[in-house]
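Architecture and fold: a report
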Amino acid sequence: MADWSATLLRRQTGTGVVEWNRRVLGCGEGTEVGVRRWLRERGVLGYPQLLLVMERFGRPEPLGGVASGVLAAQYSGRPELRPVLERLVAESGTFGAQHVQVRRTHVALVTPRRTYAVLRPVGRDRVDLGLRLVGQEPVGRLAAVAVSGNASLTVRIVVTSADEVDGETVDWLRRAYSENC
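Residues numbered from 1 in each chain as written. Predicted model: local features only at pLDDT ≥ 70, side-chain atom pairs only at ≥ 80, totals over all residues. Heavy atoms only, no water.

1. As for the sheet that holds strand S3 (residues 115–122)
Note the threshold: Criterion used throughout: strands pair if DSSP finds at least two bridges between them. Helix and strand definitions here come from DSSP, where helices need a minimum of 4 consecutive H or I residues and strands a minimum of 2 consecutive E residues; each element is numbered from the N-terminal end. Contacts: residue pairs with any heavy atoms within 4.5 Å of one another. Note on definitions: angles span 0 to 180 degrees between N-to-C directions of axes, and those axes are lines fitted to C-alpha atoms, for helices only across the stretch in contact.
One open sheet accounts for 6 strands, arranged S1-S2-S3-S4-S6-S5; its pairing is antiparallel. Of all the strands in the sheet, just strand S1 (99–102) and strand S5 (143–144) have a single pairing partner and so form its edges. Bridge analysis of strand S2 (residues 107–110) against S3 gives 4 bridges, and the strand direction is antiparallel. The residue bridging Val-107 from the neighbouring strand is Leu-119, located in S3. Across the face of the sheet, helix H7 (residues 167–179) comes into contact with S2, S3, strand S4 (126–131) and strand S6 (155–159) while running at roughly 35° to S4.

So this is what it looks like as structure tokens:
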């Protein structure tokens, strides 16, 4: 994603990331809002702007801030499951534009179009990764969705440790993302 954004930046402006980083540091703006405004005035928009903002201020932590208290309650008494959530969110963050919605009982992964995955701790021993894969029958690690507050989820993968977030799990998650963009 970063490489693609850097290519767009060079195509839009004729200048690369290193030079733009130097310009951003010298622009006199110390806030994200100020830097975004400064870049917009220079015609740097969309993903290239996002890239430069992240270069300057760092990548936002999707599970920080107010959400951290909700997550602490969600994973209270089951701290061994928290790495499962963090690994799945980190992997999904590489797919493209999306946001993480922390709810009282689950975490939703949402493309600009709609929710494509829900991570829900179940009991003390597993996280259910619900996926929106219309027409996909349960097969292999894909199981039928049990009771779900989100009727659009069609299948789920039971994950009991971060080690189980393997290539197959990430491939199913990526497919759900792609089908719901």
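2. Quick notes on the pairing of S1
Relative to S2, S1 is paired through 4 bridges, and the arrangement is antiparallel. By the bridge assignment for S2, Val-102 is matched with Val-107. Between S1 and S2, which follow one another and run antiparallel, lie 4 residues.

3. Notes on the pattern of salt bridges
To be explicit about the condition: For this document, the term salt bridge refers to a Lys or Arg side-chain nitrogen within 4 Å of an Asp or Glu carboxyl oxygen. In this scheme, a residue with accessible area under 20% of its type's maximum is buried, one over 50% is exposed, and one in between is partly exposed, where area comes from a 1.4 Å probe on protein chains only.
Here the structure, examined in full by the defined rule, presents 13 salt bridges. The salt bridge involving Glu-29 is made with Arg-37; its shortest N-O contact spans 3.8 Å. A salt bridge links Glu-179 to Arg-175; the shortest N-O distance between them is 2.7 Å. A residue pair is termed a helical-turn pair when its members lie 3 or 4 positions apart in one helix, as Glu-179 and Arg-175 do in helix H7 at 4 residues. Take Arg-175: its relative accessible area is 30%, and that puts it in the partly exposed class. Three or more residues joined by partner-sharing salt bridges are found here, namely Glu-19, Arg-22 and Arg-23.

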